[in-house]
Amino acid sequence: MNYPEIQQKTFLGLLIIFSLAFIGILLPFYGAVFWAAVLAILFSPFYRKLLIKMNQRSNLAALTTLGICLVLVIIPLVLISISLVHEASALYANIRSGQLDFGVFFQKVIAALPTWVVNQLERFGLTDMSSLQAKLSNAAVQGSEFITKQAISIGQNTFNFLVSFTIMLYILFFLLRDGDKIATRIKQAAPLNTEHKRLLFNNLTTAIRATVKGNIIVAAVQGALGGIAFWFLGVQGALLWAVLMAFLSLLPAVGAALIWVPVAIYFLVTGAVWQGVTLIAFGVLVIGLVDNILRPMLVGKDTQLPDFVVLISTVGGMALLGLNGFVIGPVIAALFISLWEIFSSGKQKQEADKLHRPD
């Protein structure tokens, strides 16, 4: 019997089993672990600068970075979430009371359309006011009920949220302080050659930073600008629409225009011409150009994925993993492309070596 081979296989089996078991233990709090790792990667350059200025006092530098992360990222998100829940509840109350009636809005649009357009809509049964009003009202009520139920669910799971939030902060502190050591240990343990490990880990950190800075920050800016425009024009629920525009801005080719274009059209067909023209001009010249101006500043062109890959990976990640999928999906796509590029370059190198090898 080949005892060394048996020992090696047994060790690999134990390694796989206990690695999977450890992942299973972390699964209930995978969101906390994931976002702690993302924030650590984003704020690690700032931590290293603080470490130099604070004479290598790692605990103090990590605590200071953690406090700055709370002020710049986490607290604003919590405040926006609280305001969003309040605004969604108010919108739901207005719909239930009849103060906000989407059927009336639709009637105004139909009345302002040309006759030939109305005739085309009648062919498809899209001018039946009673049925359309019922459908629009039901859809609005169901959407508002969903938002309200989610808000109630968040309130009921406050304890779980606080536990996950505390775990995230705790892990973030140690990842900031000991992140370089942990990364070195992982690189040493990875069964890859040195060049592949260097490329893969560099691409991983670059992909996370590119996804967060190049997609989430740009989406937040576009959503904020859209919300300001809606507030200025007197659109009800400006914060709610701003959040929706921010989420949709993560999707290339469609983005925030799915929200502001229908509102601009409604303004135009109902006689609010200056509001419609203002919203279109602002949407095209400001919201639409944010991506082209900010993204190259935040992320180098060589780190960007093709638009269709970002679209597919973002939607797919969101469908599988919820909110976390907005980051995880594009990161997986970036690593997928990086791995295939590494494989392709290695194969090309082998073929080149064969051509130059003497017979």
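Remember, predicted model here, so these are calculated numbers, not experimental data. (Residues numbered from 1 in each chain as written. Predicted model: local features only at pLDDT ≥ 70, side-chain atom pairs only at ≥ 80, totals over all residues. Heavy atoms only, no water.)

Draft legend 1. Looking closely at the overall build of the protein. Each helix and strand counted, the protein has 13 helices and zero strands in total. Counted from the first residue to the last, the protein has its helices and strands arranged as α-α-α-α-α-α-α-α-α-α-α-α-α. When each of the 359 residues of the protein is scored for burial, the buried share is 31%. Excluding contacts between residues fewer than 6 apart, the proportion of contacts in the protein whose partners are at least 24 apart in sequence is 69%. Of the roughly 22700 Å² that the protein leaves accessible, carbon and sulfur atoms contribute 70%. (Helix = DSSP H or I, 4+ residues; strand = E, 2+ residues; numbered from the N terminus. Buried < 20%, exposed > 50% of the residue type's maximum accessible area, 1.4 Å probe, protein only. Contact = heavy atoms within 4.5 Å. Areas by Shrake-Rupley, 256 points an atom, 1.4 Å probe, with all protein chains shown as cover.)

Draft legend 2. Structural detail: the layout of surface pockets. Empty space within the second largest pocket amounts to approximately 1700 Å³. Residue lining of the second largest pocket: 36 residues in total, with Ala37, Leu175, Ile182, Ile186 and Leu204 positioned closest to the centre. Of all the elements in the fold, those that place two or more residues in the lining of the second largest pocket are helix 1 (3-26), helix 2 (30-53), helix 7 (158-189), helix 8 (194-232) and helix 13 (325-356). Considering every element that reaches the lining of the second largest pocket, the biggest residue donor is helix 7, with 13 residues. In terms of residue class, the lining of the second largest pocket is made up of 24 nonpolar, five polar and seven charged. (1 Å grid on protein atoms, 1.4 Å probe; cavity = no way out; pocket = protein on both sides within 12 Å on 5 of 7 lines; lining within 4 Å. Points joined across faces, edges and corners; volume = space filled by probe spheres on them. Nonpolar A, V, L, I, M, F, W, Y, C, P; charged D, E, K, R; others polar.)

Draft legend 3. Spotlight on the packing of aromatic side chains. For the coordinates displayed, the defined rule picks out four aromatic pairs. On the numbers, 5.1 Å between centres and 80° between planes, the contact of phenylalanine 173 with phenylalanine 174 is edge-to-face. Seen in terms of ring centroids, phenylalanine 336 and tryptophan 340 are 6.4 Å apart; in terms of plane orientation they differ by 65°. Their pairing is edge-to-face. A residue pair is termed a helical-turn pair when its members lie 3 or 4 positions apart in one helix, as phenylalanine 336 and tryptophan 340 do in helix 13 at four residues. Feature note: the residues Tyr170, Phe173 and Phe174 constitute an aromatic cluster, connected by ring pairs. (Phe/Tyr/Trp six-rings, centres within 6.5 Å; stacked < 30°, edge-to-face > 60°.)

Draft legend 4. Up close: unusual backbone geometry. Backbone geometry at asparagine 55 places phi at a positive 55°, although glycine is not the residue there. Along the polypeptide, asparagine 55 turns up in the loop between helix 2 and helix 3 (58-97). The backbone of glutamine 56 shows a phi angle near 65°, a positive value even though the residue is not glycine. You can see glutamine 56 is positioned in the loop between helix 2 and helix 3.

Draft legend 5. Focus on the nonpolar core. Within the largest apolar cluster, 19 residues are counted, with the highest numbers of intra-cluster contacts made by Leu39, Met168, Leu172 and Leu176. Among the elements that make up this core, the one with the highest residue count is helix 2 (eight residues). With residues up to four places along the chain from it excluded, the contact list for leucine 176 reads Ala40, Phe43, Ser44, Tyr47, Ala62, Thr65 and Leu66. Counting 15 residues, the second largest nonpolar core, distinct from the first, contains Met245, Ala256, Ile259 and Trp260. (Core = buried A, V, L, I, M, F, W, Y, C linked by side-chain atoms within 4.5 Å.)

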